[in-house]
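Read off the chains here:
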Amino acid sequence: MSNDEADSLRPIPPGSRVFSTGSYILMWWSSLIVIQAFVLGQGFLPPNGSMNIVQAFLVMLLAGLVAVVMFALNGDAGNRYGIPYLIQSRASFGVRGSKIVEILRALPALAWYGIGTWIAALSLDGILKTLVGFSASWTVFAYFILLQAAQTVLAYGGIRAMKWFNVYGSLVIAVVMTYILFNIVTTHGFQIAESWRRAADWGPAFWAGLTTAIGILATVMLNIGDMTRHLTASPRASWLGHLFGVLPPWFFMLTLGIVAGASLGIWDPVQALMQLSPNPFVLIVLLVFILIAQFTTNLTINILPPALILMDTFKIAWHQAVVLAGVLGILTCPWLLLSNMQVFSGFILYYSALFGPALGVMLADYYVVRKRQLAVADLYDTREGSRYWFAGGFNVAALVAVAVPGVATMLWFLPVSWLVGLPAGFVLYLLLNRPSASMKT
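Residues numbered from 1 in each chain as written. Predicted model: local features only at pLDDT ≥ 70, side-chain atom pairs only at ≥ 80, totals over all residues. Heavy atoms only, no water.

Draft legend 1. Structural context of the overall build of the protein chain. Within the protein chain, the secondary structure is distributed over 23 helices and 0 strands. Taking all 441 residues of the protein chain together, the buried fraction comes to 60%. Long-range pairs, those at least 24 residues apart, make up 86% of the contacts in the protein chain with a sequence separation of at least 6. Accessible surface computed for the protein chain: about 16200 Å², of which carbon and sulfur atoms make up 71%. (Helix = DSSP H or I, 4+ residues; strand = E, 2+ residues; numbered from the N terminus. Buried < 20%, exposed > 50% of the residue type's maximum accessible area, 1.4 Å probe, protein only. Contact = heavy atoms within 4.5 Å. Areas by Shrake-Rupley, 256 points an atom, 1.4 Å probe, with all protein chains shown as cover.)

Below is the structure:
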């Protein structure tokens, strides 16, 4: 199968899948060894956060397990039928209604794309300034544009090029991250006694921390089918791929952030990582780590989803879509989203308020209403009156089941927005959905 076929919106047959279970695991290792997770870990313990060490590791464990389960459950349709998220969502939201949740998924992805590149640009600027003394007010923005362009070129090659960059990148990352952790332990130690003894507060701070941790991966939970459609068609491959692909890098990066945050008390992730580097050689190693980590994550999690959505929305080719995604990623102004922990967490909590019920609707429709049976050919039929047309192209029950819990959690339950939104969306959809419309499949 050619790259054009692999990167199209058509179903991918079982015999044409790009990823084996092993390469899929390596893809997730490279995708989740990301500085954004390090930033999250920095905000758990004092002085940046207010949890103790037991709560921090409980949040890390619960969020990781939620991600594995939701990836496997919502990724079943993509793995079984070879269809992408934007086609899968037509079953629950309708031919036209699906475009609303497509945009809902694309916007945070573009913002994360920009955030990842901005972190890489800050790292390049800071490390080069330290090593050779070169820096100016414009350099970090120049690096940002340059790195954004480089990632666009890599994505331009399609899913197969992205696969091999991520597989080899994961091997480099594994070596570098082991060295960095060893250096932290031997140089700084686990200076977390105060955090360990801190009295547990199970109030809003804990629940907001848990929701934020889940929220970082909540975007991928919606469009996980974009990845599982390229995986060997097997439920076992999906569960094993997510269990062993997600948990190890997730635990590592959050632990690294927790230890660094408690030891140094620095919010700026680049400055924190640079202080963990004892000599110029380690700084160079760190630069390699940051660049590869941000590139591999952006390629699979933050470029692929919006590119597919842009292809469908504007009826353009993959190559045009990745260029447009690169430009839009710049326009998200990621330097504002990374200004402090409050802005960073707020960004995640607010979009999670909609992502929770949207995922609840998709799970309810696929497992309860449709019993995992989709009429794939009809999902591609966008004519008026087609099987998934509903009313005017919209399944109003699904949209209401997202909007009502989404707005309610933003107003009254923001610290637990995703946790409340998912079951609320699930139940409300089943209550509102008309059997005559939903059972057309």
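Draft legend 2. Structural context of the pattern of salt bridges. Summed over the entire model, instances satisfying the criterion amount to 8 salt bridges. We note a salt bridge from Asp365 to Arg370, for which the minimum N-O separation is 2.9 Å. The same class applies to Asp365 as to Arg370, namely buried. (Salt bridge = Lys/Arg side-chain N within 4 Å of Asp/Glu carboxyl O.)

Draft legend 3. Layout of a nonpolar patch on the surface. Judged by side-chain polarity, Leu131, Val132, Phe134, Trp138, Ile284 and Val288 come together as a nonpolar surface patch covering roughly 570 Å² of accessible area. Looking at the nonpolar patch, the elements that each hand over two or more residues are helix H8 (97–132) and helix H16 (280–314). Its location among the elements puts Val132 in helix H8. Judged by relative accessible area, Val132 falls into the exposed class, the value being 59%. (Patch = residues over 30% accessible without salt bridge, like charges linked within 9 Å, V, L, I, M, F, W, Y side chains within 5 Å.)

Draft legend 4. Region of the structure containing the environment of Leu399. With respect to the secondary-structure elements, Leu399 resides in helix H21 (residues 396–412). As for Leu399 and Ala358, which are separated by 41 residues in sequence, their C-alpha atoms are 8.4 Å apart.

Draft legend 5. A look at the packing of aromatic side chains. Considering all chains together, one arrives at 15 aromatic pairs under this definition. Judged by centre distance (4.9 Å) and plane angle (85°), the rings of Tyr366 and Tyr367 are edge-to-face. Three or more aromatic residues joined by ring pairs form one cluster here, namely Trp112, Phe344, Phe347, Tyr351 and Phe355. When the ring centre of Tyr380 is taken as reference, the NZ or CZ atom of Arg10 above it lies at 4.1 Å. (Phe/Tyr/Trp six-rings, centres within 6.5 Å; stacked < 30°, edge-to-face > 60°. Lys NZ or Arg CZ within 6 Å of the ring centre and 35° of its normal.)

Draft legend 6. Layout of the side chain of Thr139. Mapped onto the fold, Thr139 is located in helix H9 (residues 139–156). For Thr139, a relative accessible area of 0% translates into the label buried. In this structure the side chain of Thr139 is engaged in a polar contact, spanning 2.6 Å, whose partner is the side chain of Asp125. (Polar contact = N/O pair within 3.5 Å; in protein donor to acceptor, adjacent residues only side chain to side chain.)

Draft legend 7. Geometry of the environment of Leu73. Here Leu73 shows up in helix H4 (residues 53–74). Put simply, Leu73 and Tyr367 are 294 residues apart on the chain and 9.0 Å apart in space, counted from C-alpha to C-alpha.

Draft legend 8. Structural view of helix H2 (residues 21–32). Given a rise of 1.5 Å per residue, 12 residues ought to cover 16 Å, and the 17 Å separating the end C-alpha atoms of H2 matches this to within 8%. The set of residues buried in H2 consists of Ser23, Tyr24, Ile25, Met27, Trp28, Ser30, Ser31 and Leu32. (Expected span 1.5 Å × (residues − 1).)

Draft legend 9. Structural view of the packing of helix H12 (residues 204–223) against helix H22 (residues 417–432). Across the interface, H12 lies against H22 with an axial gap of 8 Å and an inter-helix angle of 55°. On the basis of their axis angle, the class for H12 and H22 is oblique. Each of Trp207, Leu210, Thr211, Ile214, Ala218 and Met221 in H12 lies in contact with H22, whose residues at this interface are Ser417, Trp418 and Leu419. Residues of the contact of H12 with H22, tallied by class, amount to 7 nonpolar, 2 polar and no charged. (Axes fitted to C-alpha atoms, helices over the stretch in contact; angles between N-to-C directions. Parallel < 35°, antiparallel > 145°, perpendicular 65-115°, else oblique. Nonpolar A, V, L, I, M, F, W, Y, C, P; charged D, E, K, R; others polar.)

Draft legend 10. Spatial organisation of the nonpolar core. In this structure, Trp28, Phe44 and Trp250 are the most contacted members of the largest nonpolar core, which totals 130 residues. In terms of residues, this core owes the most to one element, H16, which gives 16 residues. Those residues in contact with Trp28, other than ones at most four positions away along the chain, are Phe71, Val220, Ile224, Met227, Gly241, His242, Gly245, Val246, Pro249 and Ile301. (Core = buried A, V, L, I, M, F, W, Y, C linked by side-chain atoms within 4.5 Å.)

Draft legend 11. Highlighting H16. Between its first and last C-alpha atoms H16 spans 47 Å; for 35 residues at 1.5 Å apiece the expected length is 51 Å, and the two agree. The largest bend in H16 amounts to roughly 45° and is located at Asn298. Taking burial as the measure, the 35 residues of H16 include 28 buried ones, the bulk of the element. The first or second residue beyond H16 is Lys315, which carries a positive phi of 55°. (Bend = angle between axes of the 7 residues up to and from the residue.)

Draft legend 12. A look at the side chain of Gln148. With respect to the helices and strands, the residue Gln148 is situated in helix H9. In this structure the side chain of Gln148 is engaged in a polar contact, spanning 3.0 Å, whose partner is the backbone oxygen of Gly326.

Draft legend 13. Quick peek at the packing of H4 against H12. At a closest axis distance of 9 Å, the pairing of H4 and H12 adopts a crossing angle of 25°. In this view, H4 runs roughly parallel relative to H12, as classed from their interaxial angle. The two elements H4 and H12 meet at a crossing, and its hand is right-handed. Listed contacts from H12 to Gln55, Leu58, Val59, Leu62, Ala63, Val66, Ala67, Met70, Phe71 and Asn74 of H4 are Phe206, Gly209, Leu210, Ala213, Ile214, Leu217, Val220, Met221 and Leu222. Looking at side-chain class alone, the contact of H4 with H12 contains 16 nonpolar, 3 polar and no charged residues. (Left-handed = near helix turned anticlockwise from the far one by under 90°.)

By themselves these figures say nothing about function.
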